[in-house]
Amino acid sequence: MLPSWQDKERYGSMIRAALWLEAEVGEGAVFTKARLREAFPDVAQIDRRLRDLRDYGWQIDTSREDPSLKQEEQRYVKMGAPVWLPGQAKAKPKAALTAAQRTRVLVADSFLCRSCGIAAGDPYGEDGIARAQLDVARREVLLPNGTVEVQLVTECNRCRVGGRGRKADVNEMISKLKALSPLEQDIFAGWVKADRRKRNQLEQLWGSYRTLPAESRDLIKQAMGNSDANQK
Ligand SMILES: [Zn+2]
């Protein structure tokens, strides 16, 4: 049972905003800025207090991260640290990235989403309406020495929200499949039957390599003996 988000005596506005998300909105649901302000008429900068929760691992998407949202809407995606518990809100929050850090990561990643390879501003589909925005995400990487490190990596808005808003066109796909050569169609039919495409190990490794943050790609380059880092 969560404490009440209306308890102004015990909790500050960031914690109350967290409790409000859990009690009134619920994970996955969309809320408007107007609804938030209505719930906290006495807090001048409730938008900012809500954003502060991101430093504690709370995922709250705006139209910037999730193009399917309207300007005034936000989505409560995922709960983070239970900040209302003693000590949790005081845990050192992840420091926000500086502009210089962001730029360094974007340059290292050649301004491409490391998950899907799209470039900033490129259209996602043939309709050309939704365009990719790149941002810097944190990814946990298991290092060769066994420790886990959080590294920074470039990711596009669609990969970040897990492909929401992607529209599939079955007819278009069928006509493209029909246009393939009989041999290609046979191969594809085999994958469909098995419900998977067996990738060989080289392809699997390449796929994994491409999604690594720049620091980890450097480690692989070093191990392969052609590192940029060695020349510095
Ligand atoms: Zn992407």
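Residues numbered from 1 in each chain as written. Predicted model: local features only at pLDDT ≥ 70, side-chain atom pairs only at ≥ 80, totals over all residues. Heavy atoms only, no water.

**Q** I would appreciate a short explanation of the pattern of salt bridges in the present structure.
**A** Charged atoms that come close allow side chains of opposite charge to pair. Taken as a whole and assessed by the stated rule, the structure comprises 13 salt bridges. Where Arg 160 meets Asp 61, a salt bridge forms, and the shortest distance between an N and an O atom there is 2.9 Å. With Arg 160 in helix α5 (residues 157-160) and Asp 61 in strand β2 (residues 59-61), the pair connects residues that are 99 residues apart, well separated along the chain. Given the relative accessible area of 32%, Arg 160 is considered partly exposed. (Salt bridge = Lys/Arg side-chain N within 4 Å of Asp/Glu carboxyl O. Helix = DSSP H or I, 4+ residues; strand = E, 2+ residues; numbered from the N terminus. Buried < 20%, exposed > 50% of the residue type's maximum accessible area, 1.4 Å probe, protein only.)

**Q** Hey, could you run me through the pairing of strand β4 (residues 134-142) in this one?
**A** Consecutive side chains along a regular strand alternate between the two faces of the sheet. Examined bridge by bridge, β4 and strand β5 (residues 148-156) share 9 bridges and lie antiparallel to one another. Counted as the bridge partner of Glu 140 is Val 150 from β5. Remark: 5 residues form the turn of the hairpin made by β4 and β5, two consecutive strands paired antiparallel; Gly 146 in that turn has positive phi of roughly 95 degrees. (Pairing = 2+ DSSP bridges.)

**Q** Help me out: how do you make sense of the confidence of the model for the chain in this one?
**A** Predicted coordinates in areas of low pLDDT are best not read in detail. This prediction gives the chain a mean pLDDT of 84; 89% of its residues lie at or above 70. Taken element by element, the chain is modelled with least confidence in helix α8 (residues 201-210), mean pLDDT 83, and with most confidence in strand β1 (residues 30-32), mean pLDDT 96. (pLDDT = per-residue confidence, 0-100.)

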